[in-house]
Amino acid sequence: MNRNDLRRVDLNLLVVFETLMIEKNLTRASEKLFLGQPAVSASLARLRDLFDDPLLVRNGRVFEPTARALAILKELQPAMDTISSAISRARDFDPATSHDTFRIGLSDDAEFGLFPELLKHIRMEAPHVKVVVRRVNFLLISTMLVSGEISVGVSYTTDLPANAKRKKLREMRVKVLRGDSDPAALTLDDYCSRPHALVSFSGDLSGNIDNDLAKVGGSRQVMLAVPQFSGLRCILPGTEILASVPDYAAGALIQGCELRAEDPPFPIITSDLSMVWSEGTDNDPAERWLRSKIAEHMSEPSED
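Here the structure is a predicted model, which means the values were calculated and not measured. (Residues numbered from 1 in each chain as written. Predicted model: local features only at pLDDT ≥ 70, side-chain atom pairs only at ≥ 80, totals over all residues. Heavy atoms only, no water.)

Draft legend 1. Highlighting the sheet that holds strand β9 (residues 221–226). The mixed open sheet is built from 5 strands, whose spatial order is β9-β8-β10-β7-β11. The sheet terminates laterally at β9 and β11 (260–262), the two strands that pair on one side only. The mean inter-strand angle of the sheet, taken between neighbouring strand axes irrespective of direction, is 35 degrees. Examined bridge by bridge, strand β7 (residues 174–178) and β11 share 3 bridges and lie antiparallel to one another. Bridge assignment links L177 to a residue of β11, and that residue is A261. (Pairing = 2+ DSSP bridges. Helix = DSSP H or I, 4+ residues; strand = E, 2+ residues; numbered from the N terminus. Axes fitted to C-alpha atoms, helices over the stretch in contact; angles between N-to-C directions.)

Draft legend 2. Examining the pattern of salt bridges more closely. Inspection of the entire model under this criterion finds 20 salt bridges. Residue D263 pairs with K175 through a salt bridge whose shortest N-O separation is 2.6 Å. Here K175 lies in strand β7 and D263 lies in the loop between β11 and β12 (271–278), a separation of 88 residues in the sequence. Given the relative accessible area of 51%, D263 is considered exposed. For K175, a relative accessible area of 25% puts it in the partly exposed group. Overlapping salt bridges bring together R178, D180, R194, E240, R260 and E262 as one network. (Salt bridge = Lys/Arg side-chain N within 4 Å of Asp/Glu carboxyl O. Buried < 20%, exposed > 50% of the residue type's maximum accessible area, 1.4 Å probe, protein only.)

Draft legend 3. Looking closely at the domain arrangement of the protein chain. Partitioning the protein chain into structural domains gives domain 1 (5–89), domain 2 (101–170 + 272–298) and domain 3 (174–269). The straight-line distance from the C-alpha centre of domain 1 to that of domain 3 is 46 Å. (Domains from an automatic or database assignment.)

Draft legend 4. Highlighting the side chain of E23. As for its position among the elements, E23 is in helix α1 (residues 11–23). Among all residues touching E23, those that are not within four sequence positions of it are R28, A29, K32, S147 and E149. (Contact = heavy atoms within 4.5 Å.)

Draft legend 5. Structural detail: a nonpolar patch on the surface. A cluster of nonpolar side chains, namely F138, L139, L140 and F201, defines an oily patch on the protein surface of about 390 Å² accessible area. Along the chain, L140 turns up in the loop between β4 (130–135) and α7 (141–147). (Patch = residues over 30% accessible without salt bridge, like charges linked within 9 Å, V, L, I, M, F, W, Y side chains within 5 Å. Areas by Shrake-Rupley, 256 points an atom, 1.4 Å probe, with all protein chains shown as cover.)

Following this line, the structure appears as structure tokens:
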């Protein structure tokens, strides 16, 4: 196909194609694209004709992409990122007058402990923009970046798409929250003998801290898992329950309530809180401004 042949290709179809490959479901793809399911079905038929391949094949209640579809996706995504980036660079961005909508993915600890300060400064510089926050974790962030549900995410991260970029914001140092009245610092025996609450997106009753605790011959009894950090503020005061949380979440939690935070009585390996975004938005002036604000207000405080 030469460049003139591109005139007969509806580039909107490629956006539908990418979404279908990610979602593998007509209903979910329709919701992500803000299109009716009949329109997405019609686009799929046109895509099958364009590429001379079934692209998606039903397997029970789900669709599976063909080998040809996966090969096409691998070739198309970098090109679509390049097109998106080129179009983005062509527009100006003035935060004082912009009415853009930013879609940010945040882990619960980042949303609770760091986002309020970020939002305050966004509102000061860009009073007319809209901000949509989606909850992410290391399992969800890659998919949500690829699908376009978010343009930037802040979380602990592991594997990322090949076209994703990452910037470390800070180390996630751990503090122990307590709401009892005993003034003495916690010992390792205290930590192991008292009940613990855990903030868990998935409902698990263990975490990486348990591996570090095992290295010093200890173990803890997690008797409660909650989905959000904000719940600890009501649960811990006046009890013997402990909670081990990132230091920036601890700083927000102890404000205005009967909680205090102290260092754990054993070494804990820190993780990184990172900002990630796709290559397609790397040079977008609005997204670059947003990322600069995130880096400024969610990074490690300077020691000056």
